[in-house]
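Fold and contact review
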Amino acid sequence: MENVHKKEGKYSYFEAGEGTPIVVLHGLMGGLSNFGGVANYFPPLGYKVVIPELPIYTQSLLKTNVKAFARYVKDFIIFKGYDRVILLGNSLGGHIGLYLSKMYPEKVAGLVITGSSGLYESAMGDSYPKRGDYEYIKKKAEAVFYDPKIATKEIVDEVFAVVNDRIRVLKTVTIAKSAIRHNMAKDLPKMHVQTCIIWGRNDQVTPPEVAEDFHKLMPNSTLYWIEKCGHAAMMEHPDEFNRLLHEWLNKVGL
């Protein structure tokens, strides 16, 4: 399997494999590395895994919102020449995938969400970390996972860097407000895209009842649980996450 990190025009992205495109959308504090398990598992099965770097902190404040990010991803899909794709999003990435599926359903063959915002107003965190308080940030990062050891020093350092960057803090707050403003509750019953919901049973950021609400509201959804798992199932239990996703892809014929 060939793994390639590419830069073309304004787009920077990871690409692996050939076949049906799975376009992966990372979360607010997430990155391409969060989906290493997906990137290794699916290319040998006939899928192309593509992970664009989302312009979360690089666009103007006017374009720092869920709608603008969804448009960015839609433009990327067109740029790459894909007809229809499978979207896979975690946290904010799930919300972007939901909004893109609402606005541009003709581009989406299937949608996979895990720990997604879009329904739950506290999904972006109930309090923003105090600048400079490393231990507080470490605890917040650990709370994302069922097993706090998953929050490595590298992960904590990345979050710490964000909260000590004034511009990034401003943009993070702007995104959190945008996520609340773009609540999807009224849209979901009208969205008929085949949807896979994979959720950590112990998610403290977007609790299990959020997954149940997504499942109730979305007409063509399937809900899978992963036990002893927090907000980032694809990181904490990559083997189980990939197994469930593969099962769903076979079930719906994607």
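Structural data are supplied above this passage.
Cut-offs and rules
Residues numbered from 1 in each chain as written. Predicted model: local features only at pLDDT ≥ 70, side-chain atom pairs only at ≥ 80, totals over all residues. Heavy atoms only, no water. Helix = DSSP H or I, 4+ residues; strand = E, 2+ residues; numbered from the N terminus. Buried < 20%, exposed > 50% of the residue type's maximum accessible area, 1.4 Å probe, protein only. Polar contact = N/O pair within 3.5 Å; in protein donor to acceptor, adjacent residues only side chain to side chain. Axes fitted to C-alpha atoms, helices over the stretch in contact; angles between N-to-C directions. Parallel < 35°, antiparallel > 145°, perpendicular 65-115°, else oblique. Contact = heavy atoms within 4.5 Å. Nonpolar A, V, L, I, M, F, W, Y, C, P; charged D, E, K, R; others polar. Phe/Tyr/Trp six-rings, centres within 6.5 Å; stacked < 30°, edge-to-face > 60°. Pairing = 2+ DSSP bridges. Core = buried A, V, L, I, M, F, W, Y, C linked by side-chain atoms within 4.5 Å. Expected span 1.5 Å × (residues − 1).

We now examine the side chain of Ser-117. Among the structural elements, Ser-117 can be located in the loop between strand E6 (108-114) and helix H4 (134-142). For Ser-117, a relative accessible area of 2% gives the class buried. Looking at Ser-117, its side chain comes within polar contact range of the side chain of His-95, at 3.1 Å.

Take the packing of helix H2 (residues 66-79) against helix H3 (residues 92-103) next. Describing two packed helices takes the angle between their axes plus the distance from one axis to the other. Where H2 contacts H3, the axes come no closer than 9 Å and their chain directions differ by 70°. Regarding the angle of H2 to H3, the classification is roughly perpendicular. Across the interface between the two elements, Val-66, Lys-67, Phe-69, Ala-70, Val-73, Lys-74 and Ile-77 from H2 touch Leu-92, His-95, Ile-96, Tyr-99 and Leu-100 from H3. Looking at the contact of H2 with H3 residue by residue, the classes come out as nine nonpolar, one polar and two charged.

With that settled, the discussion passes to the side chain of Asn-65. Its location among the elements puts Asn-65 in the loop between strand E4 (47-52) and H2. Exposure remark for Asn-65: the relative accessible area of 12% places this residue in the buried category. With sequence-adjacent residues up to four places away left out, Asn-65 is seen in contact with Ser-178 and Arg-181.

Next up on the list: the packing of aromatic side chains. A complete count under the given rule lists eight aromatic pairs for this structure. Taking 4.8 Å as the distance between ring centres and 70° as the angle between the ring planes, the aromatic pair formed by Tyr-41 and Phe-42 counts as edge-to-face. Here Tyr-41 falls in the partly exposed class, since its relative accessible area comes to 31%. The rings of Tyr-11, Tyr-13, Tyr-72, Phe-76 and Phe-79 are connected pair by pair, giving a single aromatic cluster.

The next thing to look at is the pairing of E4. Of all six residues in E4, six are buried, a share of seventy percent or more. Of the two faces of E4, the one holding Tyr-47, Val-49 and Ile-51 and the one holding Lys-48, Val-50 and Pro-52 are both buried throughout. Bridge count between strand E2 (residues 11-16) and E4: four bridges; the pairing is antiparallel. The residue bridging Tyr-13 from the neighbouring strand is Pro-52, located in E4. Relative to E4, strand E3 (residues 20-25) is paired through four bridges, and the arrangement is parallel. Within E4, the position partnered with Ile-22 by the bridge is Val-49.

Among the nonpolar cores identified, the biggest contains 42 residues, and Val-73, Leu-87, Leu-98 and Phe-214 are the most heavily contacted of them. Contributions of two or more residues to this core are made by E2, E3, H2, strand E5 (85-90), H3, E6, strand E7 (195-200) and helix H7 (208-217). A total of seven residues in this core trace back to one element, the largest contributor, which is H2. If you look at the next biggest cluster of nonpolar residues, it comprises 35 residues, including Tyr-47, Ala-141, Val-156 and Ala-233.

What follows deals with H2. Across its 14 residues, H2 extends 20 Å between first and last C-alpha, which sits within 8% of the 20 Å expected from 1.5 Å per residue. Inspection of H2 places Val-66, Ala-68, Phe-69, Ala-70, Tyr-72, Val-73, Lys-74, Phe-76 and Ile-77 among the buried residues, and these make up the whole buried set. Where H2 is buried, its residues contact E2, E3, E4, E5, H3 and helix H6 (166-181). At the N-terminal end of H2, a side-chain oxygen is found 3.2 Å from the backbone nitrogen of Lys-67, two or three residues along, and the residue is Asn-65. Looking at the residues trailing H2, positive phi occurs at Gly-81, about 80°.

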